[in-house]
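Working through the structure, step by step
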Amino acid sequence: MRLRNFEEFDENRLPSKPHYHNDENPSHSSSGVEMAIDFEDRATKHADGSQLIDVYPNDEEIQIKGAITDPFAIREGSTLSWENMSMTVNASGRKVLDDCSGTVPKRHMTALMGMSGTGKSSILNILSGRQRSTRDVAIQADVFLDDYKLDPTNMMVRRSIAFVAQDDSLLATSTPREAIRFSAKMRLPRTTSSEELHLLTDSMLEELGLISCADSLVGGPLIKGISGGERKRTSVGIELVTMPSIVCLDEPTSGLDAFSALQCCEVLRKVANAGASVLFTIHQPSSEIFESLDHLILMNGGRVMYQGSVKDVSAFFSARGHPVPKNYNPADWLIDVAQCVSMEDLIEAGYFNSEQRVRSYRKSVCCLKDNDSISAGEEVVNLFRRELVNLKRDWTAPFNRVFVMGTLSLFIGMIFFDVGNADKLDPFTLQSQFGAMMIVLITCMMSAVQLTMFVYPEQRPIFLREYSTNHYSAFSYLMAHLTAEAILVAVKVFMVVTPIYFMVSLSGSYLIYILLTFTLSMAITAQATCAACLGGDNVKLVTQLTPLIFQPQLLFAGFFLSPELMPIWIRPIQLVCTMTYATRILVVEEFHDCSSDARENEACSKMLESTRSDPDDVWWNWLVLAGIFVFFRLLAVFLLQRSANKFY
Ligand SMILES: Nc1ncnc2c1ncn2[C@@H]1O[C@H](COP(=O)(O)OP(=O)(O)OP(=O)(O)O)[C@@H](O)[C@H]1O
């Protein structure tokens, strides 16, 4: 199957000649005619009959020999279409979408219009794999890319379709320039140079009218930032900068003034002219925007009332007794007719007659080949850098936490002042020293849990958007967070341990104290990360889960009850209680051979016995702590990936 069907291509509509540096091939014209790709040649056949198609043109095909600096460079598009699309709300049996079909031709701007609640966003979500059958809704749809059937919920397919959601999920501490550049850096081929990224970003910012706010913070509920319209355009830029072949946008012009909306549509026009298929939902477009569209799908009551060229829509409505009045915005008129005329009358008048084509298609496409993007290591580095910038710009919360911890540990140090030097033959003194040690562990543990539990739910919308649009893997995301977390935990551990250690006059090695509290904190944050991943973006649920992580650590550490007295079936829980292992290491460090005096030594040995701390098991305890850290970190990657694939 050769996709050389460029007859309808109108060269005059190209905004400008695509920018190919060092283009040595004169036959590769701006029309893109030489770019036809033989998909059949590129299909890799699998044993189960499915095929893998590389929709990304390779260098040879698109003849880009030098820099990629134009976000509107010609690309090979594909026609996206769907048939038999239905969506039913299980509880009520209501059909949100009723056997719809539609086409988004390549090199066309297609608008999905209709009244509120007619299923426009549902169509976009189904096409981009963000909506699938759940307990609440049953979905059926046959989706095609050219003549190949595909499963839009497949992660690789989802990542090949650029999707701009209605809600902007942007990092509050980034600037539009950083957000767009980050997207380009993470998703464009790894060979893209820094200079090219810079030029591409600048060009995107300029096209979207974002130059004046390019270096202002995006902002959020707690940080003052750019306007809603600028945020919207930033979201659009983040997707378009990667030069996608299929673009779906949910209300990209909502919240924009007339000029910005037109500017946004002009950018989409350029993307379509470059070869992409562009589909977006829109409410009440101005007549100028409406006339700039190529293709229209008008929804009414979950059905397709009109589908076809925008040029033909007036004639279509006239022929059915609803001519567009003079000096009336046709877009408003279509909605008025859909809203004011009863469904029966519309059906009788001959609307809803979109032809259902019974197509023959090739074996289902299992997935699309991934782009040659950056390595996992580079992903981690880029994400980590962004984390650092985020920390630097939003430093008050971590600073406050560190400050509070420092003050608290000074306070604890004053209460337990010099207890370590007191008479060890006095059981109360020994108990107080043990208490001071436990307070160090508990304080570090608490602050580490606090640090982690709320970061993930807060950032989850951003993670989901970036993960589902192929910015990085769940592993890279967690690794970058882990690195940033390790730095913050190290600072906190230092702030907590140092005053208490010296003020209480503890006798174990200072380095062991630091290392142990750090390891304990990192192990507990691994468990907290799992809980946060389970809780998703539900901050309330995550808050409620916190005691579940924290309390068992204290209960099973043996302070209140000896493990031997617990019911046998509950004892295995202590195996994953980090506090147990840390306590044993610390007790050995502090009380083993605690004095040259035999009687004092005996008193200390009793402490070792009562806490089941054996000097021979110290390395084993360290190993278990490290094992818990690794196990729960890997579990978190699995949970995060699973929930991201499932829910977005
Ligand atoms: N997961 C779901 N469960 C139950 N009902 C749903 C679900 N998703 C969508 N709906 C219902 O389907 C209908 C269509 O919703 P959709 O968001 O697609 O409409 P829309 O045309 O995009 O509306 P708007 O223009 O206001 O955004 C709504 O009545 C909505 O309540």
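Residues numbered from 1 in each chain as written. Predicted model: local features only at pLDDT ≥ 70, side-chain atom pairs only at ≥ 80, totals over all residues.

Per an unreviewed UniProt entry, the recorded name for the protein is ABC transporter domain-containing protein, and the organism is Fistulifera solaris. Regarding the protein, the UniProt comment filed under Subcellular location (unreviewed entry) reads as follows: "Membrane". (UniProt positions renumbered as here; feature names shortened; annotations may be inferred.)

So, about the UniProt feature "domain: ABC transporter" (unreviewed entry) in the protein. When the UniProt feature table is mapped onto this chain numbering, "domain: ABC transporter" (unreviewed entry) sits at residues 80–326. The span residues 80–326 shows a helical share of 34% and a strand share of 26%, and its end C-alpha atoms are spaced 35 Å apart. (Helix = DSSP H or I, 4+ residues; strand = E, 2+ residues; numbered from the N terminus.)

Our focus in this paragraph is the site of the ligand. Looking at the ligand, the residues that line it are Val89, Val96, Gly114, Ser116, Gly117, Thr118, Gly119, Lys120, Ser121, Ser122, Asp136 and Val137. Among the elements that line the shell around the ligand, the one with the most residues is helix 3 (residues 120–127), at three residues. When the residues that make up the shell around the ligand are grouped by side-chain class, the tally is three nonpolar, seven polar and two charged. (Near = placed C-beta within 6 Å. Nonpolar A, V, L, I, M, F, W, Y, C, P; charged D, E, K, R; others polar.)

Here six strands make up an open sheet; going across it, the order is 8-9-10-5-11-12 and the pairing mixed. Edge strands, defined here as strands with exactly one partner in the open sheet, are strand 8 (161–164) and strand 12 (303–309). Here the average twist between neighbouring strands, direction ignored, is 15 degrees. On the sheet, helix 8 (residues 258–273) packs against strand 5 (109–114), strand 9 (246–249) and strand 10 (277–281) and is oriented at approximately 150 degrees with respect to strand 10. (Pairing = 2+ DSSP bridges. Axes fitted to C-alpha atoms, helices over the stretch in contact; angles between N-to-C directions. Contact = placed C-beta atoms within 7 Å.)

Taken over all residues, the pLDDT of the protein has a mean of 81, while the share at 70 or more is 86%. In this model, residues 1–67 is a region of pLDDT below 50 whose contacts with residues beyond four sequence positions or in other chains number 95 contacts. In the predicted complex, the global pTM is 0.77; the interface-specific ipTM is 0.96. (pLDDT = per-residue confidence, 0-100.)

Here helix 5 (residues 176–187) spans 17 Å end to end across twelve residues, near enough to the 16 Å set by a 1.5 Å rise per residue. Burial analysis of helix 5 places twelve of its twelve residues in the buried class, which makes it a mostly covered element. Where helix 5 is buried, its residues meet helix 6 (194–207), helix 7 (228–240) and helix 13 (376–393). (Expected span 1.5 Å × (residues − 1). Buried ≥ 20, exposed ≤ 12 C-beta atoms within 10 Å, placed from the backbone.)

Mapped onto the present numbering, the UniProt feature "transmembrane region" (unreviewed entry) falls at residues 402–422, 434–456, 477–504, 510–534, 541–561 and 619–640. Spanning residues 477–504, this segment combines 100% helix with 0% strand, and its end C-alpha atoms are found 40 Å apart. Structurally, residues 619–640 is divided into 100% helix and 0% strand, and its ends, taken at the C-alpha atoms, are 32 Å apart.

Its location among the elements puts Cys264 in helix 8. Remark: the alpha-carbon pair of Cys264 and Gly377, spanning 113 residues in sequence, is separated by 35 Å. Residues within four places of Cys264 in sequence aside, it is in contact with Arg233, Val236, Pro252, Thr253 and Leu256.

What follows covers the environment of Ile238. With respect to the helices, strands and loops of the structure, Ile238 is situated in helix 7. Counting along the chain gives 18 residues from Ile238 to Gly220, while the straight-line C-alpha distance between them is 18 Å. In contact with Ile238, not counting residues within four places along its chain, are Ala179, Ile180 and Ser183.

Side-chain alternation along strand 9 places Ile246 and Cys248 on one buried face and Val247 and Leu249 on a second face that is also buried. The pairing of strand 8 with strand 9 spans four bridges and is parallel. The residue bridging Phe163 from the neighbouring strand is Cys248, located in strand 9. Of the strand pairs in this sheet, strand 9 and strand 10 are connected by four bridges, and their pairing is parallel. Residue Ile246 lies in a different strand from strand 10, and its bridge partner there is Ser277. Regarding the hand of the β-α-β motif, the stretch spanning strand 9, helix 8 and strand 10 is right-handed. (Right-handed = clockwise from strand over helix to strand, strands pointing away.)

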